[in-house]
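Listed here are the chains, written in short residue letters.
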Amino acid sequence: MTKIYFLLSTLSATFLLSQKKDSVNLISEVKIDAYKKPTTFIASTKSVSVVSENLLNQNTPERMLESINQIAGARMEERSPGSYRISLRGSTLRSPFGVRNVKVYLDDFILSDASGNTYFNVISPELIDRMEIYKGPESGDYGAVTGGTVLLKTKSSDNLSANLSTGSYGTFNQSFNFSKQIGKHFIEVFQNYYQTDSYRRQSKVQRKEIFLKDNFQYSEKGILKGMIMYSDLDYQTPGGLTLEQMNADRKQARPKTATLPGAEEQNAGIRNKMILAGLSNEYQFNHNFSHFILVQGSYVDFENPFITNFENRFEKNFAVRTHFNYEKMWDKISLAYRFGFEGGINDIFVKNYHNNKGFEGNPQNFDQIKNSSGFYFLSQKLNINEKLFSDISISLNYNSYDWERLYPRTENGDIHFKNQWLPNFGVTYLLEKGFSVRGKIGKGNSAPTNEEIRSSTQEFNVNLNPEYGWNKEVGIRKQFVNSFFVEANYFDFRLNDAIVRRQNEAGQEYFVNSGKTVQKGFEVLLESKKFDLKNDFFSQLKFRFSGSFYDFKFKNYQQNQNDFSGNDVTGVPRTTINSLLNFTFFKKLAVDYSHFYTSKIPLNDANSVWSNSSLVGNIQFRFPVDFEKTRVNLYLQVQNLYNEEYVLGFDINAFGNRYYNPAAKRNFILGMKVDF
């Protein structure tokens, strides 16, 4: 209670102290890209949040958790360092790790594969200059996911910097970033090396990454963009614990049982080498008509020594996106159309062996899986008198699998899901400058990923169906006295054939359709501008407060003899409240003070086991030292300031009650970033 009281008192004091003017742009006037459909934030019809420099500064070197979790309706979980999930409005029902049911783009390019899986953990947080997070089904321009869409943006301005840091549990991070406009070329070179021993046993991480891009403005009308990224990620997985095991020793890895070895004995982990490369071209034929096209490919070498087997996957991915754009402006009306296609092929050769303490043993199963998916889309954007804004779109989505078992027997099959028409309609009305109301309705459809069609049971689940549903929402955005911004959204999402994760006795996962869910929620944001307090001691002040308040229920959900209808949806907290206070002292020393409150979470569909609520505090000190043309930014991060015993990522519906992946207690990171 003391921590909660202190947090609320600090927020109240901040609000009262902040009644001053500032000269920076209004928060409502922030521009969003919306994948080449730019607009101001206040006029956007979409449920979108922007993660800019201030929030990105809160991240530790290995993850983007701190910035994403400041967004109402977004939640990033960490089962162990390197093993992440991202949910948008509670979409982690089906994600044991990684990102599913959320579409991810990196600049122009598509980070998600054709099956809907995204290796988000191969991306260094320091590569990202900005994020846009779209919550709920978008269909249209983004395709068939029901969770949402994330746009990651790299540098767009000149920069030369290097970062070096060290911290608790053997953490070491080094990165270099160079971006510059050179004639007609905008070049970026990024390199990162990260390693840590981590808090728990069997949870070391090592990541090496190189990223290169060239944006070539070859004429006044055309720009050609090229990108190549290589990432080598190797992390150990300690596995889930029972409550008794966690209370006995939070640092232990999953211990052996009478029938199964433990995580350390089997050297459980993930080794993921990925290369992604692509080209895009955008050409403006005339004032009204333009065309965009991208072609990309990737290759993944993925190894997963697990308790019961050693899996090796070789993935080849190809994707293309193209659209024609037409824009017309009159005196008080602007109209834009976009017609296009995005499609991909995901071809996987997967081999499973017995796991002999981290090495391949006797073969179990060899399979070939090929997924083809894509969508045609048509969208219209209308602006009347800078008052009424509408965004209407529809897409036709397809998805299919061909599979073949090569060993120990031969068999094959295919799965063709029904094509889906997905409409989406959003409207925003600007009541006055800095004050808008909006409404939105859309349908989403999310087919099973490769890892769900063929899960770690190594059987093909030909009976698994896509989940689908309609989302309806309303929202307001309001700027107050040029200083404060408030946003509130209410949504009602009805999901059918929801895909839910299960575990068998060996800890292997499989997936089933669980009937329906009714997901209702209220999301709020209160944010201030940065205030100049005209005081040499207490110089500047800014705050941000966000919250998500959810009522997610299962409906018509029967599991064997059990009726779980009316239960809370598994893995989703009813309440999350987050805050970030930015102080500047002596016009030099910056202090970032953040909190993350999470209410208790149901850990199984029966709602018979719940987590404890948690309040985690972080603090960061940043101090710049200038040397002529060079600035050295020294920083100290203290994570889990109150030494809270909590879990940052649960294994929901885990067999044997192994739900718990304990997070690190209080830890430190000390570093410096040099801007040349």
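Residues numbered from 1 in each chain as written. Predicted model: local features only at pLDDT ≥ 70, side-chain atom pairs only at ≥ 80, totals over all residues. Heavy atoms only, no water.

## Observations regarding the overall build of the protein chain
The secondary structure content of the protein chain amounts to five helices and 39 strands. For 676 residues, the compact-globule estimate of 2.2 N^0.38 gives 26 Å, and the protein chain sits close to it at 24 Å. Based on the C-alpha atoms only, the size of the protein chain along its principal axes is roughly 70 × 55 × 55 Å. A total of 676 residues make up the protein chain; the buried ones form 60% of that total. For the protein chain, contacts bridging at least 24 residues in sequence account for 65% of all contacts bridging at least 6. On the protein chain, roughly 27,000 Å² of surface is accessible, and the fraction owed to carbon and sulfur atoms is 57%. Each charge class in the protein chain can be summarised by its mean position, and for the 80 positive and 71 negative side chains these summaries are 4 Å apart. (Helix = DSSP H or I, 4+ residues; strand = E, 2+ residues; numbered from the N terminus. Rg over C-alpha atoms; globule rule 2.2 N^0.38 Å. Buried < 20%, exposed > 50% of the residue type's maximum accessible area, 1.4 Å probe, protein only. Contact = heavy atoms within 4.5 Å. Areas by Shrake-Rupley, 256 points an atom, 1.4 Å probe, with all protein chains shown as cover. Lys, Arg positive; Asp, Glu negative; His and termini not counted. Charge placed at Lys NZ, Arg CZ, Asp CG, Glu CD.)

## Considerations on the sheet that holds strand β7 (residues 102–106)
Here we have five strands laid out as an open sheet, ordered β3-β10-β11-β7-β8, and mixed in their pairing. In the strand order of this sheet, the two ends are held by β3 (48–51) and β8 (109–110), each with one partner. Two strands pair when backbone bridges link them, and β7 and strand β11 (residues 148–153) are joined in this way by five bridges, in the parallel orientation. Within the sheet, the bridge partner assigned to Val102 lies in β11 and is Gly148. (Pairing = 2+ DSSP bridges.)

## Thoughts on the packing of aromatic side chains
Following the criterion strictly, the structure yields 33 aromatic pairs and no others. Centre to centre, the rings of Tyr169 and Tyr199 are 5.7 Å apart; their planes meet at 70 degrees, and the pair counts as edge-to-face. On the criterion of sequence distance, the pair formed by Tyr169 in the loop between β12 (159–167) and β13 (171–182) and Tyr199 in the loop between β14 (185–196) and β15 (205–216) is long-range, its members being 30 residues apart. A relative accessible area of 11% places Tyr199 in the buried class. (Phe/Tyr/Trp six-rings, centres within 6.5 Å; stacked < 30°, edge-to-face > 60°.)

## Overview of the side chain of Asn215
Tracing the sequence through the fold places Asn215 in strand β15. In this structure Asn215 touches Lys184, His185, Phe186, Ile223, Leu224 and Lys225, once residues within four positions along its chain are discounted.

## So, a nonpolar patch on the surface
Together, Phe285, Phe289, Phe324, Tyr326, Tyr337, Phe339, Leu378, Ile394 and Trp421 make up a nonpolar patch on the protein surface, roughly 870 Å² of accessible area in all. Listed by contribution, the elements that provide at least two residues to the nonpolar patch are β19 (310–329) and β20 (333–355). Note that Phe339 resides in strand β20. (Patch = residues over 30% accessible without salt bridge, like charges linked within 9 Å, V, L, I, M, F, W, Y side chains within 5 Å. Salt bridge = Lys/Arg side-chain N within 4 Å of Asp/Glu carboxyl O.)

## A short note on the pairing of strand β18 (residues 289–305)
As paired elements, strand β17 (residues 269–284) and β18 share 14 bridges and run antiparallel to each other. Considered in β18, the bridge of Gln284 is made with Ser290. Hairpin connection between β17 and β18: a loop of four residues separates the two successive antiparallel strands. Count of turn residues in the β18/β19 antiparallel hairpin: four residues.

## Digging into the environment of Gln380
By the secondary structure assignment, Gln380 is in strand β21 (residues 360–384). Between the alpha carbons of Gln380 and Phe655 there is a distance of 48 Å; along the sequence they are 275 residues apart. Ignoring anything within four residues of it in the chain, the contact list for Gln380 reads Leu335, Ala336, Tyr337, Ser390, Asp391 and Ile392. A polar contact is formed between the side chain of Gln380 and the side chain of Tyr337, at a distance of 2.9 Å. (Polar contact = N/O pair within 3.5 Å; in protein donor to acceptor, adjacent residues only side chain to side chain.)

## Observations regarding the pattern of salt bridges
Opposite charge on two side chains lets them pair, provided their charged atoms get close. Counted under the stated rule, the structure contains 52 salt bridges. In this structure, the salt-bridge partner of Asp626 is Arg631, at a minimum N-O distance of 2.7 Å. For Asp626, a relative accessible area of 39% gives the class partly exposed. Among the charged side chains, a network of salt bridges with common partners joins Lys37, Lys46, Glu138, Asp141, Arg338, Asp391 and Lys440.

## Remarks on the confidence of the model for the protein chain
Confidence in the prediction for the protein chain averages 91 pLDDT; 94% of positions are at 70 or higher. Contacts from residues 1–24, a stretch scored under 50 in pLDDT, to residues over four places away or in other chains number 38 contacts. (pLDDT = per-residue confidence, 0-100.)

## Some remarks on the environment of Gly147
Tracing the chain through its elements places Gly147 in the loop between β10 (130–135) and β11. Residues Gly147 and Lys135, spaced twelve residues apart in sequence, show a C-alpha to C-alpha distance of 6.6 Å.

## Some thoughts on the nonpolar core
Judged by nonpolar contacts, the single largest core of 66 residues is most densely connected at Ile68, Phe120, Ile123, Met131, Leu152 and Met229. Non-local contacts of Ile123, meaning those with residues more than four positions away in its chain, are made with Met64, Leu106, Leu111, Ile128, Arg207, Glu209 and Met229. Within the second largest apolar cluster, 13 residues are counted, among which are Phe585, Tyr593, Ile619 and Val638. (Core = buried A, V, L, I, M, F, W, Y, C linked by side-chain atoms within 4.5 Å.)

## Re unusual backbone geometry
Cis geometry marks the peptide bond from Tyr407 to Pro408; its omega dihedral reads 10 degrees. By the element assignment, Pro408 lies in the loop between β22 (388–407) and β23 (411–416). Despite not being glycine, Asn556 shows a phi value in the positive range, around 50 degrees. Of note, Asn556 is situated in the loop between β32 (538–555) and β33 (558–559). Backbone geometry places Phe586, a non-glycine residue, at a positive phi of 60 degrees. Tracing the backbone shows Phe586 in the loop between β35 (575–585) and β36 (589–598).

## Remarks on the environment of Lys221
Position of Lys221 relative to the elements: it lies in the loop between β15 and β16 (222–236). For the pair Lys221 and Phe285, spaced 64 residues apart in the sequence, the C-alpha separation amounts to 6.8 Å. Apart from residues no more than four positions distant in its own chain, Lys221 is found in contact with Glu282, Tyr283, Gln284 and Phe285. Polar contacts involving the side chain of Lys221 include one to the main-chain carbonyl oxygen of Phe285, which spans 3.3 Å.

## Some details on the pairing of β17
Pairing of β16 with β17, which is carried by 15 bridges, proceeds in the antiparallel orientation. Residue pairing across strands places Gln236 opposite Gly269, the latter belonging to β17.

## Focus: the side chain of Asn365
The residue Asn365 is located in strand β21 in this model. When its relative accessible area of 11% is taken as the criterion, Asn365 is described as buried. Only 3.4 Å separates the side chain of Asn365 from the side chain of Arg405, close enough to count as a polar contact. Beyond its immediate sequence surroundings of up to four residues, Asn365 is in contact with Val350, Lys351, Asn352, Arg405, Tyr407, Pro408, Arg454 and Gln458.

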